[in-house]
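Spelled out from the first residue to the last, the chains are:
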Amino acid sequence: MGGPTPMKDEDRDHWRWFALKRWDGKGDRTGSVGLRKIRKRTTEGLAQWYVISTLALRSRVRLMGKSFVEPSSKGGGFVDLKQLSSKEGNSFSSESMTLASNGCVDFRGRIADKRTTGGWQASPFIIVNEVAERLAFFAVAVNMVAYLVFEMHQSLPNAATHVTDWIGAAYVLTILGAFLADAYLGRFLTIIIFSCVYSVGMVLLTLSASIDSLRPPLCLKRPCPPATDRQIYFLYGALALIALGTGGIKPCVSSFGADQFDEADETEIPKKYSFFNWFFFAINMGALLGITLMVYIQQEKGWTWGFAVPTVVMFCSILMLAAGFSKYRYKKPMGSVFTRFVQVIVASLKNHMRGIKVGGHGDLFEVRTNESDILGACKLSHTSQYRFLDKAAVIGDTEASDTTNRWRVCTVTQVEEFKCFIRVLPVWASTIALSLSFAQLSTFFISQATIMDRQLAPNFLIPSGSVPVFAALNALILVPLYEKILVPLLRRHTGHCRGLTSLQRMGVGLFISIFALASAALVEKKRRQDPNPKTVGVFWLFPQFFLIGSAEVFTYVGQLEFFYDEATDGTRSISSAMFLCEIGIGSWLSTALVKIIERATGGVEKGWLRSSLNGSKLDYFYWVLAGINGVNFVVYVWVAMRYKGRDGARGSGTVRDESMVELGGNGGVIRREDEGELKSLVF
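Residues numbered from 1 in each chain as written. Predicted model: local features only at pLDDT ≥ 70, side-chain atom pairs only at ≥ 80, totals over all residues. Heavy atoms only, no water.

Trainee: Is there a simple way to explain the overall build of the protein chain in this structure?
Mentor: Of regular secondary structure, the protein chain possesses 22 helices and six strands. The burial tally for the protein chain puts 55% of its 683 residues in the buried class. Partitioning the contacts of the protein chain with sequence separation of at least 6, the portion at a separation of at least 24 is 78%. Element-wise, carbon and sulfur atoms account for 63% of the exposed surface of the protein chain, whose accessible area totals about 29,800 Å². (Helix = DSSP H or I, 4+ residues; strand = E, 2+ residues; numbered from the N terminus. Buried < 20%, exposed > 50% of the residue type's maximum accessible area, 1.4 Å probe, protein only. Contact = heavy atoms within 4.5 Å. Areas by Shrake-Rupley, 256 points an atom, 1.4 Å probe, with all protein chains shown as cover.)

Trainee: Is there a simple way to explain the packing of aromatic side chains in this structure?
Mentor: Any two aromatic rings considered together are summarised by their centre-to-centre distance and by the angle between their planes. Taken as a whole and assessed by the stated rule, the structure comprises 35 aromatic pairs. With 5.5 Å between their ring centres and 85° between their planes, F188 and Y330 make a pair best called edge-to-face. Taken together, the positions of F188 in helix α8 (residues 187-210) and Y330 in the loop between α11 (303-323) and α12 (337-353) put the pair 142 residues apart, joining distant regions of the chain. Each member of the pair, F188 as well as Y330, carries the same accessibility label: buried. The ring of F137 has R134 sitting right over it, with the charged end atom 4.5 Å from the ring centre. Here the basic side chain of K526 rests over the ring of W540, its NZ or CZ set 4.7 Å away from the ring centre. (Phe/Tyr/Trp six-rings, centres within 6.5 Å; stacked < 30°, edge-to-face > 60°. Lys NZ or Arg CZ within 6 Å of the ring centre and 35° of its normal.)

Trainee: What is the right way to read unusual backbone geometry from this model?
Mentor: Trans peptide bonds make up the majority, and among non-glycine residues the majority have a negative phi. Located in the positive-phi region is H153, a residue other than glycine, with phi close to 60°. If you trace the backbone, H153 turns up in the loop between α5 (123-150) and α6 (156-172). Even without being glycine, Y386 reaches a positive phi, approximately 50°. With respect to the element layout, Y386 can be found in the loop between α12 and α13 (412-423). Residue classification places Y386 among the partly exposed positions, given a relative accessible area of 32%.

Trainee: Mind showing me how you'd approach helix α20 (residues 572-601) here?
Mentor: Because an α-helix completes one turn every 3.6 residues, residues spaced three or four positions apart along the sequence face the same direction. Helix length check: α20 (30 residues) gives 44 Å between terminal C-alpha atoms against 44 Å at 1.5 Å per residue, within 8%. The largest bend in α20 comes to about 25°, at M578. Where α20 terminates, the next one or two residues include G602, which has phi positive at roughly 120°. (Expected span 1.5 Å × (residues − 1). Bend = angle between axes of the 7 residues up to and from the residue.)

Trainee: Would you mind showing me how to read a nonpolar patch on the surface here?
Mentor: Taken together, the side chains of I477, L481, I485, L486 and L489 present a nonpolar region at the surface, about 430 Å² in accessible area. Along the chain, I485 turns up in helix α17 (residues 469-494). (Patch = residues over 30% accessible without salt bridge, like charges linked within 9 Å, V, L, I, M, F, W, Y side chains within 5 Å. Salt bridge = Lys/Arg side-chain N within 4 Å of Asp/Glu carboxyl O.)

Trainee: Help me understand the pattern of salt bridges, please; the structure alone is not making it clear to me.
Mentor: As a working rule, side chains carrying opposite charge can pair if their charged atoms are close by. According to the stated counting rule, one finds 18 salt bridges in the structure shown. Among the salt bridges present, the one from E268 reaches R329, with a minimum N-O distance of 3.2 Å. With E268 in the loop between α9 (229-258) and α10 (269-301) and R329 in the loop between α11 and α12, the pair connects residues that are 61 residues apart, well separated along the chain. The burial state of E268 is the same as that of R329; both residues are buried. A salt bridge links E561 to R505; the nearest nitrogen and oxygen atoms lie 3.8 Å apart. Pair noted here: E561 is in helix α19 (residues 542-566) and R505 is in helix α18 (residues 502-529), with a separation of 56 residues, a long-range link. One exposure class covers both E561 and R505, and it is buried.

Trainee: When you look at the confidence of the model for the protein chain in this model, what are you seeing that I'm missing?
Mentor: It should be kept in mind that the predicted coordinates are not to be read in detail where pLDDT is low. Of all residues in the protein chain, 78% attain a pLDDT of 70 or more, and the chain-wide mean is 75. A low-confidence stretch, residues 14-95 (pLDDT under 50), is modelled with 131 contacts involving residues beyond four sequence positions or located in other chains. Scored below 50 in pLDDT, residues 652-683 shows 84 contacts in the model against residues more than four places distant or in partner chains. (pLDDT = per-residue confidence, 0-100.)

Trainee: It is not clear to me how the packing of α5 against α10 should be interpreted in this structure. Could you clarify?
Mentor: Geometrically, a packed helix pair is captured by the angle between its two axes and the distance between the axes. For the pair α5 and α10, interaxial distance at closest approach is 7 Å and the crossing angle is 40°. The orientation of α5 relative to α10 falls into the category oblique. Seen along the crossing, α5 lies across α10 with a hand that is right-handed. (Axes fitted to C-alpha atoms, helices over the stretch in contact; angles between N-to-C directions. Parallel < 35°, antiparallel > 145°, perpendicular 65-115°, else oblique. Left-handed = near helix turned anticlockwise from the far one by under 90°.)

Trainee: How do you make sense of the packing of helix α7 (residues 174-185) against α9 when you look at a structure like this?
Mentor: Axis separation between α7 and α9 bottoms out at 7 Å; the angle between their running directions is 55°. Our classification of the angle between α7 and α9 gives oblique. The hand of the α7/α9 crossing is right-handed. Between α7, through T174, L176, G177, A178 and A181, and α9, the contact on the second element is made entirely by L244, T246, G247, G248, K250, P251 and C252.

Trainee: Can you help me understand the environment of L486 in this one?
Mentor: Examined against the element boundaries, L486 turns out to sit in helix α17. Counting along the chain gives 13 residues from L486 to G499, while the straight-line C-alpha distance between them is 7.5 Å.

Trainee: Is there a simple way to explain α7 in this structure?
Mentor: Among the residues of α7, those classed as buried are T174, G177, A178, F179, A181, D182 and A183. In the stretch just after α7, G186 is the one whose phi turns positive, near 85°.

Trainee: In this structure, what is going on with the side chain of R527? I would like to understand it.
Mentor: With respect to the secondary-structure elements, R527 resides in helix α18. Residue R527 is classed as buried on the basis of its relative accessible area of 1%. In this view, R527 contacts I451, M452, P533, V536, L613 and N614; residues no more than four positions away in its chain are not counted.

Trainee: What is the right way to read the environment of I318 from this model?
Mentor: In this structure, I318 sits in helix α11. Since its relative accessible area comes to 12%, I318 is described here as buried. Taking the C-alpha atoms as reference points, I318 and S199, separated by 119 residues in sequence, lie 9.2 Å from one another. Apart from the residues lying within four places of it in its own chain, the contact partners of I318 are N129, I192, S195, C196 and S199.

As structure tokens, this is what we get:
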């Protein structure tokens, strides 16, 4: 007969992967289907499956120091795992562990091989793409107020308000992009599609600046004729597409980059958090180029070149991202997370109205499969928080015969997914105030620079729109220093792999923001009281830019880490969108706060914020913001110290994954706990 058909290397890897996923309780339907196909084309499969699965069990499950004994395939005897050959064990450890265990696949739909996909061989494409996209965005953002005033003949207050609202909308739309990525499209496809939308908007914006009929005629004397409705609609349509593109790209890029690292691989965990730092570095590099090089091109070459160059850069960013197509690890969409959230709410309310009470953990419903009921997501263990929501997983008399209707009864995993989302909301809300401070970077900070001495050399005047370079340069310097020096130093004192937990890092940023606004108030008071304010050098603004940039480094990266870690498999993009959304909310709140202070202090003629900055009392406004940040910091510390992560530990921004593994036969159960770092500093 010629003997059994040898197993292919590809098939062997799939068997080994399935062994790991089976004993971890994290298998998926795709893997099971693929293995059924392999089993059909090899007669050696069952024998190799037994050896590999037992090796996997020995390698992945801790048995309290006892030797586990498995029934033998011969004569009902037993085989001690410790007696398996070291040769087989070494082969398993060196080869099978190269397959990703976080559910990621390669571009062919196979389980991703860590030797050829993901990690730092894929991340540079994502980081360079982010540099290009941020360059394009900031090139438009810092120039748009001037374009609306000088080309579209809008008043300065209206132009500033329109730009602030546009930036706010761009970040709030991240919720839409995250929803589409998690539910239907996947992160990579979402980035590509919305990047194309972004590019179309950039093309239309360039046309608006280059075609005379799309803007009002040149005005040399006030009052200038306003733009027509057709011209306004064309421009706003272009800006709307750019905002929509930004909303689709931003929540997916950081999560897609983090997907390139396997959380179950101890060697890749530090690399993932290093990626977050360098990703923030990329954001600031793009911002730096946008507010320096692009501003210079606009001033020297005109508006057409000022928008055309970022348009070309945006097209290049799409090509750069697509170039790494074969090297990425991909996670498949898992359905609408908002639908699952609503199902939990509806089911818990229905059961509450029926008088159902929650008993023990054993009374809650969960599917009896290795994988969860949510496609591609791991099972989640039950937690004691928000016990009212547990009623959604209680099986009543009417649901006993039908447990497939999720509007009547939900799984424990589905309930815990919603709990994880609710759990981070207080932390999210207690960091929104910082976005108020960030909003001043593009408004009053630049307004101060406009009327200060910006002469750097006899023939060089620093453009006022380029002054935020102080904050960007600070981030570019601080990120490498933090990554290479501070993290190892802090790690020795805290024992935490990242030096500081995510919550601590955010707290440091919030604390620094208080001094950033206090510095801004003191500098503005000095400038306003100077006999000749125009002679005060622009470098007096350096401390406030430096401090606000430092606050951004700590808080922004901390938020990236925190919201990704605390999210479940099906809510990663939504979680990333949450902290991006607060940037947009901060922009809108800044506008509202300015209006409130204007009306409360006497309007634009007699109040703190007047038409002329020299006659204003901007330092009072900065002190208000410093006070808001101070109160916000106290609230944040209270929230952070009371925060219970997915591992149930207070003040921890880490995650514990706990799974139940049924060993069949004897009905025994092994519980595996992978507890993250619980060590925490006291603020």
